[in-house]
Amino acid sequence: THNRLGWFYLQQGRYQEAIDAYTQVIFLAPNNPWGFSNRGSARFGAGDFSGAIEDWRQAGDIDPESGSLSNMGTAYFYLREFAEAVRMYHMALDNSPTNYQLWINLGDALRYHASEDAADEDGGSSRTSASGAYRQAVRHIRDELTVNPNNALAVSAEARVQAFFGERARAEQLLGRALQAPDNNPDLYYNVSLAYLSLEMIEQAANSLSKALDVGLPLIVAQNDPLFDLLRESNALGGRLISQLSD
């Protein structure tokens, strides 16, 4: 079927072919929200963030359970429409208030949104300030680590938050723990790269991003995530990574 073919292409990173397959799904079943949802994922992978948002919005209009508020937030973040990213993450957190990654995403968006409007207040609330959202993320990360102390991804997530707060010793301790894990999760190395970036360890940040790409981080992230602006502009990047990011 077109749906299964689209999923195959999506997993292979053949995004235009996936888009074409899911377009056929939508043509044949225009009231099926998953055709729109999956085509949104393919469009996101292809770098068409506005198209992805539109597809995810249509999926949510048909069936609210099929919409992807978090993914819409990320697409708006990559488009640098930070106010909309904040709004999407707020809505996503209404449904999943203990999801530490959503709190981190909100913190990221609020950092940039605050730079457009006014400085972030360190004592701000978890919903309106980057610092508040990051602190809430740490609370939920620690809840997760109480249940599963070996969750290296959660450890790496706290490392990047602590690095943002300037807690260098704590961040480096957490980075050591995260990197000891036999884990090739690209999201772990994504977090490690951002932690090193906050610690102004540019070479280590570049190496960690390169590792994340090697183990499956989509190139679209490295090319578009505002959090990597400094790294993309840095001369510390190795030649192979520069080549990847400029393709």
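Please refer to the structure placed before this passage.
Keep in mind that this is a model prediction, so the values were computed, not measured. (Residues numbered from 1 in each chain as written. Predicted model: local features only at pLDDT ≥ 70, side-chain atom pairs only at ≥ 80, totals over all residues. Heavy atoms only, no water.)

## What to know about the pattern of salt bridges
- Counted under the stated rule, the structure contains 12 salt bridges.
- In this structure, Arg 43 and Asp 48 form a salt bridge, with 3.9 Å as the shortest nitrogen-oxygen distance.
- A salt bridge links Arg 160 to Asp 108; the shortest N-O distance between them is 2.7 Å. Residue Arg 160 is found in helix H9 (residues 152-164), and its partner Asp 108 is found in helix H7 (residues 100-116); the two are separated by 52 residues along the sequence. Judged on exposure class, the residue Arg 160 and its partner Asp 108 are both buried.
- Through salt bridges with shared partners, a single network forms among Arg 39, Arg 43, Asp 48 and Asp 55. (Salt bridge = Lys/Arg side-chain N within 4 Å of Asp/Glu carboxyl O. Helix = DSSP H or I, 4+ residues; strand = E, 2+ residues; numbered from the N terminus. Buried < 20%, exposed > 50% of the residue type's maximum accessible area, 1.4 Å probe, protein only.)

## Notes on helix H12 (residues 202-214)
- Between its first and last C-alpha, H12 extends 18 Å over 13 residues, near the 18 Å set by a 1.5 Å rise per residue.
- Inspection of H12 places Ile 202, Ala 205, Ala 206, Ser 208, Leu 209, Ser 210, Ala 212 and Leu 213 among the buried residues, and these make up the whole buried set.
- Directly beyond the C-terminal end of H12, a positive phi value near 120 degrees is found at Gly 216. (Expected span 1.5 Å × (residues − 1).)

## A short note on unusual backbone geometry
- With a phi angle near 65 degrees, Arg 80 is a residue other than glycine that sits in the positive phi range.
- Structurally, Arg 80 can be placed in the loop between helix H5 (69-78) and helix H6 (82-95).
- We note that Glu 200 has phi near 60 degrees; this positive angle belongs to a residue other than glycine.
- Locating Glu 200 in the fold gives a position in the loop between helix H11 (186-198) and H12.
- Taking relative accessible area as the criterion, Glu 200 reaches 69% and is therefore assigned exposed.

## Examining the nonpolar core
- Of all hydrophobic cores here, the largest spans 66 residues; its most connected members are Phe 44, Phe 77, Ile 104, Leu 106, Phe 228 and Leu 231.
- Ignoring any residue separated from it by four or fewer positions in sequence, one finds Phe 44 in contact with Phe 49, Ala 52, Trp 56, Thr 74, Ala 75, Tyr 78 and Ile 220.
- By size, the runner-up hydrophobic cluster in this structure holds seven residues, among which are Leu 10, Ala 18, Ile 19 and Val 25. (Core = buried A, V, L, I, M, F, W, Y, C linked by side-chain atoms within 4.5 Å. Contact = heavy atoms within 4.5 Å.)

## A few points about the environment of Arg 160
- Judged by its relative accessible area of 6%, Arg 160 is buried.
- Note: C-alpha distance between Arg 160 and Leu 10 (150 residues apart in sequence) is 30 Å.
- The contact partners of Arg 160, leaving out residues within four places of it in the chain, are Gln 101, Ile 104, Asp 108, Asn 191, Leu 194, Ala 195 and Leu 227.
- A distance of 3.3 Å separates the side chain of Arg 160 from the side chain of Asn 191, its partner in a polar contact. (Polar contact = N/O pair within 3.5 Å; in protein donor to acceptor, adjacent residues only side chain to side chain.)

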